[in-house]
Amino acid sequence: MSTFAKPENALKRAEELINVGQKQDALQALHDLITSKRYRAWQKPLEKIMFKYVELCVDLRRGRFAKDGLIQYRIVCQQVNVNSLEEVIKHFMHLSTEKAEQARSQAEALEEALDVDDLEADKRPEDLMLSYVSGEKGKDRSDRELVTPWFKFLWETYRTVLEILRNNSKLEALYAMTAHRAFQFCKQYKRTTEFRRLCEIIRNHLANLNKYRDQRDRPDISAPESLQLYLDTRFEQLKVATELELWQEAFRSIEDIHGLMFMVKKTPKASLMVVYYAKLTEIFWISSSHLYHAYAWLKLFTLQKSFNKNLSQKDLQMIASSVVLAALAVAPYDHTQGASHSELENEKERNMRMANLIGFNLDLKPESREVLSRSSLLSELVSKGVMSCATQEVKDLYHLLEHEFLPLDLTAKVQPMLSKISKLGGKLASASSVPEVHLSQYVTALEKLATLRLLKQVSHVYQTMKIESLSQMIPFFDFSAVEKISVDAVKYKFIAMKLDHMKHAVLFDTQDLESDGLRDHLNVFAESLNKARAMIYPPTKKSSKLGEILPGLGEIVDKEHKRLLARKSIIEKRKEEQERQLLEMEREEESRKLKQQKITEEVEKKRLAAEYEQRNKQRILREIEERELEEAQALLEEQEKRSKRKGGKKPILEGEKVTKQILMERALSEQLRERQEMEKKLQKLVKTMDYLERAKREEAAPLIEAAFQQRLVEEKALHEHEQQQEIELSRQRHDGDLKEKNRLSRILENKIIFEERVQSRREAEFNQRRAEREERINQIIQVRKQEREALRKKIFFVRSEEEILKRLREEEEARKLEETERRRKEEAERKAKLDEIAEKQRQRERELDEKERLRREALLVRATDGPSRSSELPAGPEPGAAAPAAAAAAPAPGKYVPKFRLGGTEGSAQAQSSARPAPSDTDRWEQCQAAPFRYRPVEQWWPF
């Protein structure tokens, strides 16, 4: 263990060790300084040393060293400068958190980095082998190697800080901040196990705080600031537990908050209570405690309506609807039906416990066992106006399920309402502390309630029903689910029914005649039958002589009868009121007796407790006196033995009362006297020894001087003798070396020859091996060169073949493309020619039609003009009549003439044509247009 005159020297020494890479030694040096009892007064350099100390602890992950150092530093600066401890702890947590974040980012970067030699390979062989052997992925392995150690150290840091600050009233804010950071750590990284341990640690700290109340720096929980910090910590714990879905820890957090409120007898702020009840609704819903869930919603509605001034009407309506649906979702029968006495007591205790958590007061009387119930909750909703704030769909559903009797149409009317309600809900804008309201979560429970109501109402109407009919009446579930629901209802005596699967029927059992339900139904049925009979057969009035004699007697009798009935009802009411008053007086008397009995029992208990305490005190005092008497007796015997050994008299006179105090005073005085006598003897002995020692030294001084001189002479002679011996030995050694040199000089030439021979042999061997190595290297180079040449030729040949094949493929593709293009063009040309020929044919047909039409018109004109022209012609022929005759002999234009008839006219036609000049191209085209068409068969003019 190193010791330093000043703390600064230890810090310098640690920095020197860190510079040379010896962090462990530096940490040990600072640890020795901090744990040393020499430096128990706070100094400013100690704070710097602690900063360096925690840095080394974080770098080396030494949690135990950090805890020891912080505990010692807390002892040093607790009463002087506690802010220094706060700064050191904050620095410690900051470094731990930073290291953990760096490790996590490094693991993520390592996972995303591309560090492979072959870019075409997915993974390296060693990575594949390691993954096959270890059975884990790269990310899991990197987390285990890099992230997990730092997370463990960070978790140990939080535990250490909480342990150090658990009983420190001056650092309560730092304790709360550390707890909040630990909760966020568990929430961020989903550390459920550590969260449970953290909750247990904080719970134990509070329990120890209440158990040991005599500690010096114990925090005062009743103070407003301390209470607020503890409540904030518990509420943060509750929020994180619900977000991690650790419902058991969330419920224990609720119990912690309630215990803290009960301990200080104060109620937190309304905002915190809203969070409390909001989380309580989630916990009770997850645990299927629908009754407590509904009561928690009612409490939440009351808080929001009373303290939230910004609550909108829509949000209030949504919260009220949630309260009503939660109350309706509670099962309509009692689960404790048919339970044993112990189970009933357990249920009562559970109700009391849950009611205390919710904030309701319970009546502790034995007869008021059922306090939290569905009926009382629904009546409370109506009385407090919650029902009026709910939506219209929820009101209609409540009225339909609780007050209507519709055995056949109940589910048909409930189903559309449930579909509308399931669409309602969402985030509340003016109530940020309340979670999102989802009314759809109550649909299943409401469907079950509707099924139970339907079965109950059907059992009142029918005795037997087919299973198919019942299944059609309940569209929510299949019959297996309905069967399960009915089994629970029969178990808790809500309905009486049986299922006969062989007959496919449902049997509803008939109840006893003394039952209230059947008796009411019989009364209603009898009244209905009487009314129907009176309507069908009205009663006839019989005339009597007495009625004739006394016409007003009937009215008088009726009045007297009504008066007697009224008097009877008044008497009965008075009797009932008297009985009620007697019962009330008996109940009050009984309650007064019970109270008096309780007071008497409490007084008796207090008296017995006081007597027991008094007896304990007397017993303790008597034991103390007996013990003191025994000790006094032992001291007395010891003093008597000492006085006998010294030959003195007895210190205590006979008949004197001996006590421990007297004996102790006598013993102290005796010891003081003996000590004084011993001191006097010692002073006398010291003087005697002083005189004797002085005389001895005076006599021994000349003898010591003579002995010293004689010793000088003897040592001088011894020195000269040893020097002479050393000179003689050196001379003999030199002579021997010269003889050895002369002896070895004879073989010097042989030695030189041997060296030259060995060197020449080794040189020749070296040259030979070098030549062989160079030859082998040349051969290897030649072989590799040939291999490279062969490989190069092979690559060249393969590439040439590939180029040839590629060129052939390209030529083939080009030829195929050209052939395809040529065929396409030919096909296009052929199609164009066909289209052109068809167009020409259509044109010719149109021209032929036009010519035929003109020819027919010409024939009609000629037929009308022929007689008039023949009358105008002269009787005898004239010289110019040859041409008309020839024209008449020629065929008419447009008329078909056979070939054999065209022969007689060829000469005249040739003569005429020879007489006429040759027409030009234009005249020929005009003649063709004007010439009559000559019909030909299709085979002659069709070109194909």
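Residues numbered from 1 in each chain as written. Predicted model: local features only at pLDDT ≥ 70, side-chain atom pairs only at ≥ 80, totals over all residues. Heavy atoms only, no water.

Labelled according to an unreviewed UniProt entry, the protein chain appears under the name Eukaryotic translation initiation factor 3 subunit A, originating from Salix purpurea. We quote the UniProt Sequence similarities (unreviewed entry) comment for the protein chain here in full: "Belongs to the eIF-3 subunit A family." Word for word, the UniProt comment on the protein chain under Subcellular location (unreviewed entry) is "Cytoplasm". (UniProt positions renumbered as here; feature names shortened; annotations may be inferred.)

Novice: So what's going on with the overall build of the protein chain? Residues and values would help.
Specialist: The helix and strand inventory of the protein chain stands at 31 helices and five strands. Expressed as a percentage of the 944 residues in the protein chain, the buried residues total 26%. Looking at the protein chain alone, contacts between residues at least 24 apart form 71% of all its contacts between residues at least 6 apart. Taken as a whole, the protein chain presents about 67,700 Å² of accessible surface, with 54% of it coming from carbon and sulfur. (Helix = DSSP H or I, 4+ residues; strand = E, 2+ residues; numbered from the N terminus. Buried < 20%, exposed > 50% of the residue type's maximum accessible area, 1.4 Å probe, protein only. Contact = heavy atoms within 4.5 Å. Areas by Shrake-Rupley, 256 points an atom, 1.4 Å probe, with all protein chains shown as cover.)

Novice: Describe the packing of helix H11 (residues 247–264) against helix H12 (residues 270–286), with residues and values.
Specialist: Contact pair H11 / H12: the axes reach a minimum separation of 10 Å and the direction vectors enclose 140°. For the pair H11 and H12, the sense of crossing is left-handed. Touching Trp247, Ala250, Phe251, Ile254, Ile257, His258 and Met261 of H11 are Met273, Tyr276, Leu280, Glu282, Ile283, Phe284 and Ile286, all from H12. Split into classes, the residues belonging to the contact of H11 with H12 amount to twelve nonpolar, one polar and one charged. (Axes fitted to C-alpha atoms, helices over the stretch in contact; angles between N-to-C directions. Left-handed = near helix turned anticlockwise from the far one by under 90°. Nonpolar A, V, L, I, M, F, W, Y, C, P; charged D, E, K, R; others polar.)

Novice: Summarise H12; cite the residues concerned and give the values.
Specialist: When the terminal C-alpha atoms of H12 are compared, their 24 Å separation across 17 residues agrees well with the 24 Å that a helix rising 1.5 Å per residue should span. Summarising burial for H12: twelve of the 17 residues are buried, a large majority. Looking only at H12, the buried set comprises Leu272, Met273, Val274, Val275, Tyr276, Tyr277, Ala278, Lys279, Leu280, Thr281, Ile283 and Phe284. Positive backbone phi, approximately 60°, marks Ser288, located one or two places after H12. (Expected span 1.5 Å × (residues − 1).)

Novice: Run through the environment of Glu380, naming residues and quoting values.
Specialist: Position of Glu380 among the secondary structure elements: in helix H16 (residues 374–383). The exposure class assigned to Glu380 is buried, which follows from its relative accessible area of 19%. With 82 residues separating them in the primary sequence, Glu380 and Leu298 have C-alpha atoms 9.4 Å apart.

Novice: Got a sec to walk through the packing of aromatic side chains? Specific residues and values, please.
Specialist: By the definition in use, this model includes eleven aromatic pairs. Measuring from centroid to centroid gives 6.0 Å for Tyr158 and Phe185, while their planes differ by 55°, and the two rings are tilted. Note that Tyr158 is positioned in helix H7 (residues 138–165) and Phe185 in helix H8 (residues 172–188), a separation of 27 residues in sequence. Among the aromatic residues, those joined into a ring-pair cluster are Phe151, Tyr158, Phe185 and Tyr189. Its guanidinium or amino end placed over the ring of Trp150, Arg61 lies 4.9 Å from that ring's centre, counting from NZ or CZ. A cation over an aromatic ring shows up here: Lys456 above the ring of Phe494, its NZ or CZ 5.2 Å from the ring centre. (Phe/Tyr/Trp six-rings, centres within 6.5 Å; stacked < 30°, edge-to-face > 60°. Lys NZ or Arg CZ within 6 Å of the ring centre and 35° of its normal.)

Novice: Please give an account of the sheet that holds strand S3 (residues 464–466) that cites residues and values.
Specialist: By definition, the strands of a sheet pair up through backbone hydrogen bonds, in either a parallel or an antiparallel sense. Here three strands make up an open sheet; going across it, the order is S3-S5-S4 and the pairing antiparallel. In this open sheet, the two strands that pair with only one neighbour each are S3 and strand S4 (497–500). If you compare each strand with its neighbour and ignore which way they point, the axes differ by 20° on average. Two strands pair when backbone bridges link them, and S3 and strand S5 (residues 505–508) are joined in this way by three bridges, in the antiparallel orientation. If you follow Met465 over to S5, its bridge partner there is Val506. (Pairing = 2+ DSSP bridges.)

Novice: Give a detailed account of the pattern of salt bridges, specifying residues and quantitative values.
Specialist: Opposite charge on two side chains makes pairing possible when the charged atoms of those side chains draw close. On inspection of all chains with the given rule, the structure shows 44 salt bridges. A salt bridge links Glu200 to Arg252, with the shortest nitrogen-to-oxygen separation between them at 3.2 Å. A residue pair is termed long-range when its members are at least 10 positions apart, and Glu200 in helix H9 (residues 192–211) and Arg252 in helix H11 qualify at 52 residues. Taken together, the salt bridges that share partners define one network made up of Glu200, Arg203, Glu249, Arg252 and Asp256. (Salt bridge = Lys/Arg side-chain N within 4 Å of Asp/Glu carboxyl O.)

Novice: Just give me the short version of the environment of Asn204, but keep the residues and values in it.
Specialist: Mapped onto the elements of the fold, Asn204 is located in helix H9. Expressed as a C-alpha distance, the spacing of Asn204 and Arg166, which sit 38 residues apart in the sequence, is 9.9 Å.

Novice: Which residues make up the nonpolar core, and what values do they have?
Specialist: Counting 160 residues, the largest nonpolar core has Phe195, Tyr276, Leu325, Leu397 and Val414 as its most contacted members. Tallying contributions element by element places H7 first for this core, with eleven residues. With residues up to four places along the chain from it excluded, the contact list for Phe195 reads Phe183, Cys186, Gln237, Val240, Ala241, Leu244, Leu246 and Glu249. (Core = buried A, V, L, I, M, F, W, Y, C linked by side-chain atoms within 4.5 Å.)

Novice: Outline helix H1 (residues 7–19), supporting the account with residue identities and numerical values.
Specialist: Look at H1: 19 Å from first C-alpha to last across 13 residues, which is about the 18 Å you get at 1.5 Å a residue. Of the residues making up H1, those classed as buried are Pro7, Ala10, Leu11, Ala14 and Leu17. Buried positions in H1, seen along its axis, are confined to an arc of 125° and lie on one side of it. Turned more than 90 degrees off the buried face of H1, the exposed positions are Lys12 and Asn19. Tucked into the core, H1 has its buried residues touching helix H2 (23–35) and helix H3 (44–60). Note on H1: the residue one or two positions beyond its end, Gly21, has a positive phi of about 85°. (Arc of directions from axis to C-beta.)

Novice: Talk me through the pairing of S5; I want residue IDs and the actual numbers.
Specialist: Relative to S5, S4 runs antiparallel, the two sharing four bridges. In the sheet register, Lys498 faces S5, and the bridge partner there is Leu507. Count of turn residues in the S4/S5 antiparallel hairpin: four residues, of which His504 carries a positive phi of about 55°.

Novice: Quick one: what's the story with the packing of H8 against H9, residue by residue and with numbers?
Specialist: As a packed pair, H8 and H9 sit with axes 9 Å apart at the nearest point and diverge in direction by 160°. Regarding the angle of H8 to H9, the classification is roughly antiparallel. For H8 against H9, the interelement crossing comes out left-handed. In this structure, H8 uses Tyr175, Ala179, Ala182, Phe183 and Cys186 to contact H9, whose residues at the interface are Glu194, Phe195, Leu198, Ile202 and His205. (Parallel < 35°, antiparallel > 145°, perpendicular 65-115°, else oblique.)

Novice: Now, about unusual backbone geometry: what can you tell me, with residues and values included?
Specialist: The phi dihedral of Glu245 is positive, around 60°, even though this residue is not glycine. Relative to the elements of secondary structure, Glu245 occurs in the loop between helix H10 (224–243) and H11. Accessibility expressed as a relative area gives 58% for Glu245, which makes it exposed. One non-glycine residue, His504, lies in the positive phi region at around 55°. As for its position among the elements, His504 is in the loop between S4 and S5. Residue His504 is classed as partly exposed on the basis of its relative accessible area of 44%.

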